[in-house]
Amino acid sequence: MQRSRSLRRMDRVTPKGRHVLHYERKKNSLPHCAICSKELNGIKASRSKGRSLRKNSRIFGGVLCANCASQVIKSASRVENGEMKLNDISIRQRTYILQMISH
Ligand SMILES: [Zn+2]
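These numbers come from a predicted model, not from an experiment.

Thoughts on the coordination of the zinc ion
Here is step 1 of the chain: Donor atoms from the polypeptide that bind the zinc ion are C33 (SG), C36 (SG), C65 (SG) and C68 (SG), placed at 2.2 to 2.3 Å.
Here is step 2 of the chain: Its four donor atoms give the zinc ion angles of 101 to 115 degrees at the centre, a pattern that matches the tetrahedral case.
Here is step 3 of the chain: Ordering the donors of the zinc ion by residue number gives the pattern C-x2-C-x28-C-x2-C.

Now the structure itself:
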C-alpha cells in the first residue's frame, strides 16, 4: 500500500522530534473544459456527491465551460443554416458541433 503513488506522502515531525512519513489520499483534481481546459464552474471535486451535483444541467454541462458551450451552440446553428462550413471550425469544437447537429 505504501509503495502506491495514489497516496501522497506527508513529511511530519512528531512531538519527540522524530521524522515520519504520513500517507494521505490525494485530492481529486477539478474537472476541466474539453476545449479550452479551463476549470469548470459549479462543480466540486469531492467524490461523495450525487450525480446532479457533479455537473450542471446545461447542454455539455460537466464537459465544456459556459463560453465554449455557447460558441459551439452558435456555430452549430450557423452550420445547420448553411452560413458556415464545418471546415471553418477548429477540430476541437467540431466533434461537439457534430453531436448537436445529429440530435
Ligand atoms: Zn472552455
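On we go.
Focus: the packing of helix 2 (residues 66-80) against helix 3 (residues 91-102)
Here is step 1 of the chain: Put simply, helix 2 and helix 3 touch, their axes get as near as 9 Å, and they point 60 degrees apart. On the basis of the axis angle, helix 2 is oblique to helix 3. Here helix 2 and helix 3 pass one another in a crossing that is right-handed. Residues Q71, V72, I73, S75, A76, V79 and E80 of helix 2 pack against Q93, Y96, I97, M100 and I101 of helix 3.
Here is step 2 of the chain: Residues that form the contact of helix 2 with helix 3 fall into these classes: eight nonpolar, three polar and one charged.

Some remarks on the nonpolar core
Here is step 1 of the chain: Judged by nonpolar contacts, the single largest core of 15 residues is most densely connected at C33, I35, L64, C68, V72 and Y96.
Here is step 2 of the chain: Secondary structure elements with two or more residues in this core: helix 2 and helix 3.
Here is step 3 of the chain: The biggest single contributor to this core is helix 2, with five residues.
Here is step 4 of the chain: Non-local contacts of C33, meaning those with residues more than four positions away in its chain, are made with K38, L40, V63, L64, C65 and C68.

Here we look at the side chain of Q93
Here is step 1 of the chain: One can find Q93 in helix 3.
Here is step 2 of the chain: A relative accessible area of 14% places Q93 in the buried class.
Here is step 3 of the chain: In this structure, Q93 is in contact with I35, Q71, V72 and S75, ignoring residues within four places of it in sequence.

Section: the side chain of S75
Here is step 1 of the chain: Position of S75 relative to the elements: it lies in helix 2.
Here is step 2 of the chain: With relative accessibility at 5%, the residue S75 sits in the buried group.
Here is step 3 of the chain: Setting aside anything within four residues of it in sequence, one finds S75 in contact with I89, Q93 and I97.

As for the pattern of salt bridges
Here is step 1 of the chain: Following the criterion strictly, the structure yields one salt bridge and no others.
Here is step 2 of the chain: Across the salt bridge formed by E24 and R8, the nearest N and O atoms sit 3.4 Å from each other. Here R8 lies in strand 1 (residues 7-13) and E24 lies in strand 2 (residues 19-25), a separation of 16 residues in the sequence.
Here is step 3 of the chain: With a relative accessible area of 35%, R8 lands in the partly exposed category.

Criteria and thresholds
- Residues numbered from 1 in each chain as written.
- Predicted model: local features only at pLDDT ≥ 70, side-chain atom pairs only at ≥ 80, totals over all residues.
- Heavy atoms only, no water.
- Donors = N, O, S within 2.8 Å, 3.2 Å for Na, K, Ca; no water.
- Tetrahedral: all angles 85-135°; square planar, octahedral: opposite > 155°, others 65-115°.
- Axes fitted to C-alpha atoms, helices over the stretch in contact; angles between N-to-C directions.
- Helix = DSSP H or I, 4+ residues; strand = E, 2+ residues; numbered from the N terminus.
- Parallel < 35°, antiparallel > 145°, perpendicular 65-115°, else oblique.
- Left-handed = near helix turned anticlockwise from the far one by under 90°.
- Contact = heavy atoms within 4.5 Å.
- Nonpolar A, V, L, I, M, F, W, Y, C, P; charged D, E, K, R; others polar.
- Core = buried A, V, L, I, M, F, W, Y, C linked by side-chain atoms within 4.5 Å.
- Buried < 20%, exposed > 50% of the residue type's maximum accessible area, 1.4 Å probe, protein only.
- Salt bridge = Lys/Arg side-chain N within 4 Å of Asp/Glu carboxyl O.

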